[in-house]
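This is what each chain is made of:
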Number of protein chains: 2
Amino acid sequence: MHTVKEAAHITGLTEHAVRFYTDKGLVPSVRRDKNNVRMFDEEAVNWLHGIKCLKQSGMPIEAIRTYVELCLEGDSTIPQRAALMKAHKEAALAKLEEAKRHIAHLEQKTALYQAILEHRMPDTTNPATWSDIRHMHSDVFYAPVAGRA
Amino acid sequence: MHTVKEAAHITGLTEHAVRFYTDKGLVPSVRRDKNNVRMFDEEAVNWLHGIKCLKQSGMPIEAIRTYVELCLEGDSTIPQRAALMKAHKEAALAKLEEAKRHIAHLEQKTALYQAILEHRMPDTTNPATWSDIRHMHSDVFYAPVAGRA
DNA sequence: GCTTGCCTTCGTGTAACACGAAGGCTTTAA
DNA sequence: TTAAAGCCTTCGTGTTACACGAAGGCAAGC
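Now for a look at the structure at hand. (Residues numbered from 1 in each chain as written. Chains lettered and ligands numbered in written order. Predicted model: local features only at pLDDT ≥ 70, side-chain atom pairs only at ≥ 80, totals over all residues. Heavy atoms only, no water.)

Let's shift gears to helix 4 (residues 61–72) of chain A. Its 12 residues give helix 4 of chain A an end-to-end C-alpha distance of 17 Å, which sits within 8% of 16 Å, the value for a rise of 1.5 Å per residue. Along helix 4 of chain A, the residues classified as buried are Ile64, Tyr67, Val68, Leu70, Cys71 and Leu72 of chain A. Buried residues along helix 4 of chain A sit in contact with helix 3 (42–56) and helix 5 (78–117) of chain A together with helix 5 (78–117) of chain B. (Helix = DSSP H or I, 4+ residues; strand = E, 2+ residues; numbered from the N terminus. Expected span 1.5 Å × (residues − 1). Buried < 20%, exposed > 50% of the residue type's maximum accessible area, 1.4 Å probe, protein only. Contact = heavy atoms within 4.5 Å.)

Attention shifts here to the relation of the copies chain A and chain B. The transformation that overlays chain A on chain B combines an axial shift of 0.0 Å with a rotation of 180 degrees, and the residual RMSD is 0.1 Å. Taken together, the rotation angle and the small translation identify this as a two-fold axis. Considering only C-alpha atoms, the residue of chain A closest to the rotation axis is Leu96 of chain A, which sits at 3.6 Å. Of the interface residues in chain A, 98% have counterparts in chain B that sit at the interface too, so the contact is made through matching surfaces. (Least-squares fit on C-alpha atoms with pLDDT ≥ 70 in both.)

In this structure, His88 of chain A sits in helix 5. A polar atom in the side chain of His88 of chain A sits 2.8 Å from the side chain of Ser57 of chain A. (Polar contact = N/O pair within 3.5 Å; in protein donor to acceptor, adjacent residues only side chain to side chain.)

Many authors give the size of an interface as the accessible area that is lost as the parts come together. Contact with chain A, which involves 49 residues of that partner, is made by 49 residues of chain B. Counting the surface lost from both chain A and chain B, the interface buries some 4,500 Å², and carbon and sulfur atoms represent 67% of this. Scanning the region where chain A abuts chain B turns up 2 salt bridges. The shortest N-O distance in the salt bridge between Lys89 of chain A and Glu107 of chain B comes to 3.5 Å. Summed over the shared surface of chain A and chain B, the number is 6 residue pairs in polar contact (both at pLDDT 80 or more). Here the side of chain A that touches chain B gets 24 residues from one element, more than from any other, and that element is helix 5 of chain A. Its residues assigned to classes, the side of chain A that touches chain B comprises 23 nonpolar, 12 polar and 14 charged. (Buried area = accessible area lost by both parts, 1.4 Å probe. Salt bridge = Lys/Arg side-chain N within 4 Å of Asp/Glu carboxyl O. Nonpolar A, V, L, I, M, F, W, Y, C, P; charged D, E, K, R; others polar.)

Time to look at the protein's contact with DNA strand D. Contacts to DNA strand D come from 18 residues, most closely from Arg19 and Arg38 of chain A together with Thr14, Tyr21 and Lys55 of chain B. Atoms of DNA strand D within 4 Å of the protein belong to the sugar or the phosphate in 82% of instances, the rest to bases. Residue Thr3 of chain A places a side-chain N or O atom 3.0 Å away from a phosphate oxygen belonging to DNA strand D. At 3.1 Å from a phosphate oxygen of DNA strand D is found a main-chain nitrogen or oxygen belonging to Ile61 of chain B. Counting only elements with at least two residues in the surface near DNA strand D, the list comes to helix 1 (4–11) and helix 2 (15–23) of chain A together with helix 2 (15–23) of chain B. Per-element tally for the surface near DNA strand D: the top contributor is helix 2 of chain B, with 4 residues. Counted by class, the surface near DNA strand D contains 7 nonpolar, 5 polar and 6 charged residues. (Near = heavy atom within 4 Å.)

Neighbouring residues of DNA strand C: 19 residues in total, closest Thr14, His16 and Tyr21 of chain A together with Arg19 and Arg38 of chain B. Within the side chain of Asn35 of chain A, an N or O atom sits 3.4 Å from a sugar or linking oxygen of DNA strand C. Within the backbone of Lys5 of chain B, an N or O atom sits 3.0 Å from a phosphate oxygen of DNA strand C. Secondary-structure elements contributing two or more residues to the surface near DNA strand C are helix 2 of chain A together with helix 1 (4–11) and helix 2 of chain B. For the surface near DNA strand C, the leading source of residues is helix 2 of chain A, giving 4 residues. Looking at side-chain class alone, the surface near DNA strand C contains 7 nonpolar, 5 polar and 7 charged residues.

What follows deals with the packing of helix 3 (residues 42–56) of chain B against helix 4 (residues 61–72) of chain B. The axes of two packed helices give the description: the angle between them and the distance between them. Residue and element names in this part refer to chain B. In the contact formed by helix 3 and helix 4, the axes pass within 10 Å of each other and the chain directions differ by 140 degrees. As far as their axial angle goes, helix 4 and helix 3 are oblique. The two elements helix 3 and helix 4 cross, and the hand of that crossing is right-handed. Between helix 3 and helix 4, the contacting residues are Trp47, Ile51, Leu54 and Lys55 on the first element and Ile61, Ile64, Tyr67, Val68 and Cys71 on the second. Taken together, the residues of the contact of helix 3 with helix 4 break down into 8 nonpolar, no polar and 1 charged. (Axes fitted to C-alpha atoms, helices over the stretch in contact; angles between N-to-C directions. Parallel < 35°, antiparallel > 145°, perpendicular 65-115°, else oblique. Left-handed = near helix turned anticlockwise from the far one by under 90°.)

On to the pattern of salt bridges. In the structure shown here, the tally under the stated rule is 12 salt bridges over all chains. Taking the shortest distance from any N to any O, the salt bridge between Arg65 of chain A and Glu62 of chain A comes out at 3.5 Å. Here the residue Arg65 of chain A and the residue Glu62 of chain A both occupy positions in helix 4, the gap between them amounting to 3 residues, near one helical turn. In this structure, Asp23 of chain B and Arg38 of chain B form a salt bridge, with 2.9 Å as the shortest nitrogen-oxygen distance. One end of the pair, Asp23 of chain B, is in helix 2; the other, Arg38 of chain B, is in strand 2 (residues 38–39), with 15 residues separating them in the sequence. You can call Arg38 of chain B buried: its relative accessible area is 13%. Each of Glu62, Arg65 and Glu69 of chain A takes part in one network of salt bridges that share partners.

This is the structure in structure tokens:
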């Protein structure tokens, strides 16, 4: 049995988050002791891990609660749960792909900055390189176009 | 020149978000016409793309604003910008890795559900498979352990 | 001249916590 | 035995990044 603090430490969540989740009904197996203190068994800690996974992959709390309740209803809800989880997985995959594109962009940007710092600046007078440069949103080589104060 | 609506459509942001960003000073090159209407040139649209990239990769608005202001200050801030961007890129990469782990977990979960739906249920009486099964947080094969109503 | 459609500002609502205050229990330490 | 240390509790406000709706302005078309 673990306290809030321990459960938080094990799962890598904050104590605030752990209390928040339990109070929202996301952790079915949490009990209270005689002093009204939340007690987490291994089952509860597993739920916290699962909740963390779902949440960090983009599922909102309310959806997680729906899922948890379906689990509590027993085997008859397995088809619904399967569909729900599959949909979520695909949404998460889509986000992952977008994240990769963003990272690629950030890589370009850092590479460009690095080139400047190493005095290997691209030739801004050569039109052939302009598209690359402009692709970086102009903020490195071009002053903000239209005025400011 | 584009209106808010057009800029939103081009960048895939909502109109609300576009107004929000401009009002927060994240888009330097936005002007107003005689009717006080926001006008976005290509430069501004590029900024919006960049902001979207930074934001979706986890940079908070305030940090983006700091970055934008450094850009406006000219070449002398390039070292700071380079450092800032590199740090952000690495943070984003770390998140990407975590996201991949979450996705792997979701893959397992959907696969397990799929197996059940296809009546290829793992042998829950065979201790050799238990760790895999329990790894799914028990919510598929095990009723929630400690009571409920 | 009136509707349509876009824009404006303003103000409240939302999600998912973070954080601090005020207080209760139990354990240790003098 | 009393006092301080550490947990825990609930409660309540603060934060971020918008979403959404209301109320109204201006320009264009019919």
